[in-house]
Amino acid sequence: MAVKICPKCGESNPEQAWTCVRCGSSLQNAEVAGTPDADKGADISLGRDESICSACGEQLEPGARKCKFCGTTIYKKPAAPIYEEPEEDPYRPSAVSIILLILATVVFPPAGLIVGGVAVVLGDPDKRIAGQLLMVLGLIVIAVKYFL
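Heads up: these notes are all about the structure in this document. (Residues numbered from 1 in each chain as written. Predicted model: local features only at pLDDT ≥ 70, side-chain atom pairs only at ≥ 80, totals over all residues. Heavy atoms only, no water.)

## What to know about helix H2 (residues 109-122)
(1) Moving on: Taking 1.5 Å per residue, 14 residues should reach 20 Å; H2 reaches 20 Å between its end C-alpha atoms and fits that length.
(2) Moving on: Those residues of H2 lying buried are Pro-109, Gly-112, Gly-116 and Ala-119. For H2, the angular spread of buried residues about the axis comes to 95 degrees, placing them on one side. In H2, the exposed positions that point more than 90 degrees away from the buried face belong to Ile-114, Val-121 and Leu-122.
(3) Moving on: Against the buried residues of H2 lie helix H1 (95-107) and helix H3 (125-147). (Helix = DSSP H or I, 4+ residues; strand = E, 2+ residues; numbered from the N terminus. Expected span 1.5 Å × (residues − 1). Buried < 20%, exposed > 50% of the residue type's maximum accessible area, 1.4 Å probe, protein only. Arc of directions from axis to C-beta. Contact = heavy atoms within 4.5 Å.)

Written out as structure tokens, the structure is:
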């Protein structure tokens, strides 16, 4: 959207204006700022190119937040988020640590009862299941050792 600048008062007027909206002076020889509508191509992809105003099709200045011709606020498309591989949970027990806990429970059953009880109380579903397994295994080993 081009504007005519009044030579008398400097007011911006619509491109089609013949007289200034502020002072009423003739705009016949007024300077035109921006790209006149007649010079704009019909192949402008409005809103797709961030360097062109989606409302009037004018070229935007780099970093502009408003179009200087029509006053439309420019909304930049957010940058696509970069996918980062999530880090492994450092508190999640590995397979080796679970096997070692099971072996420790077989050798020393109170270890399974203590570690299993703590895991059940913590509330994490994965740890709760592993804790229940250790507690049951500890009870079974105690029963086998002392009652059979």
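## Some remarks on the packing of H1 against H2
(1) Moving on: Look at H1 against H2: their axes get within 5 Å of each other, and the N-to-C directions meet at 130 degrees. Put simply, H1 runs oblique to H2. Seen from H1, the contacting residues are Leu-101, Ala-104, Thr-105, Val-106 and Val-107; seen from H2, they are Pro-109, Ala-111, Gly-112 and Val-115.
(2) Moving on: Here the contact of H1 with H2 is composed, by residue class, of 7 nonpolar, 2 polar and no charged. (Axes fitted to C-alpha atoms, helices over the stretch in contact; angles between N-to-C directions. Parallel < 35°, antiparallel > 145°, perpendicular 65-115°, else oblique. Nonpolar A, V, L, I, M, F, W, Y, C, P; charged D, E, K, R; others polar.)

## Notes on the packing of aromatic side chains
(1) Moving on: All told, the structure shown has 0 aromatic pairs when counted by the stated rule.
(2) Moving on: Sitting over the face of the ring of Trp-18, Lys-4 holds its NZ or CZ atom 5.3 Å from the ring centroid. (Phe/Tyr/Trp six-rings, centres within 6.5 Å; stacked < 30°, edge-to-face > 60°. Lys NZ or Arg CZ within 6 Å of the ring centre and 35° of its normal.)

## Considerations on the pattern of salt bridges
(1) Moving on: In this structure the tally under the stated criterion is 2 salt bridges.
(2) Moving on: In this structure, the salt-bridge partner of Glu-11 is Arg-22, at a minimum N-O distance of 3.9 Å. You can see Glu-11 sitting in the loop between strand E1 (3-5) and strand E2 (12-14) and its partner Arg-22 sitting in the loop between E2 and strand E3 (31-33), a full 11 residues away along the chain.
(3) Moving on: For Glu-11, a relative accessible area of 27% corresponds to the partly exposed category.
(4) Moving on: For the salt bridge of Lys-68 with Glu-61, the shortest nitrogen-to-oxygen distance reads 3.1 Å. (Salt bridge = Lys/Arg side-chain N within 4 Å of Asp/Glu carboxyl O.)

## Examining the packing of H2 against H3
(1) Moving on: Remark: H2 packs on H3, axes separated minimally by 7 Å, with the N-to-C direction vectors making an angle of 155 degrees. One element, H2, and the other, H3, form an angle in the roughly antiparallel class. In this structure, H2 crosses over H3, and the sense of that crossing is left-handed. Two secondary-structure elements touch here, H2 through Pro-109, Gly-112, Leu-113, Val-115, Gly-116, Gly-117, Ala-119, Val-120 and Leu-122 and H3 through Lys-127, Arg-128, Gly-131, Gln-132, Leu-134, Met-135, Gly-138, Leu-139, Val-141, Ile-142 and Lys-145.
(2) Moving on: Partitioned by chemical class, the residues of the contact of H2 with H3 number 11 nonpolar, 6 polar and 3 charged. (Left-handed = near helix turned anticlockwise from the far one by under 90°.)

## Some thoughts on the sheet that holds E2
(1) Moving on: Spatial ordering of the open sheet is given by E2-E1-E3, a layout of 3 strands whose pairing is antiparallel. The open sheet terminates on both sides in strands that have one partner only, identified here as E2 and E3. Along the sheet, successive strands turn relative to each other by an average axial angle of 40 degrees, direction set aside. (Pairing = 2+ DSSP bridges.)

## Examining the side chain of Lys-4
(1) Moving on: Mapped onto the fold, Lys-4 is located in strand E1.
(2) Moving on: Despite being buried, Lys-4 has no salt bridge partner; Glu-15 is the closest side chain of opposite charge, sitting 7.5 Å away.
(3) Moving on: Here Glu-15 takes part through its backbone oxygen, which lies 3.4 Å from a polar atom of the side chain of Lys-4.
(4) Moving on: In contact with Lys-4, other than residues within four places in its own chain, are Glu-11, Ser-12, Asn-13, Pro-14, Glu-15, Ala-17, Leu-27, Ala-30, Glu-31 and Val-32. (Lys, Arg positive; Asp, Glu negative; His and termini not counted. Polar contact = N/O pair within 3.5 Å; in protein donor to acceptor, adjacent residues only side chain to side chain.)

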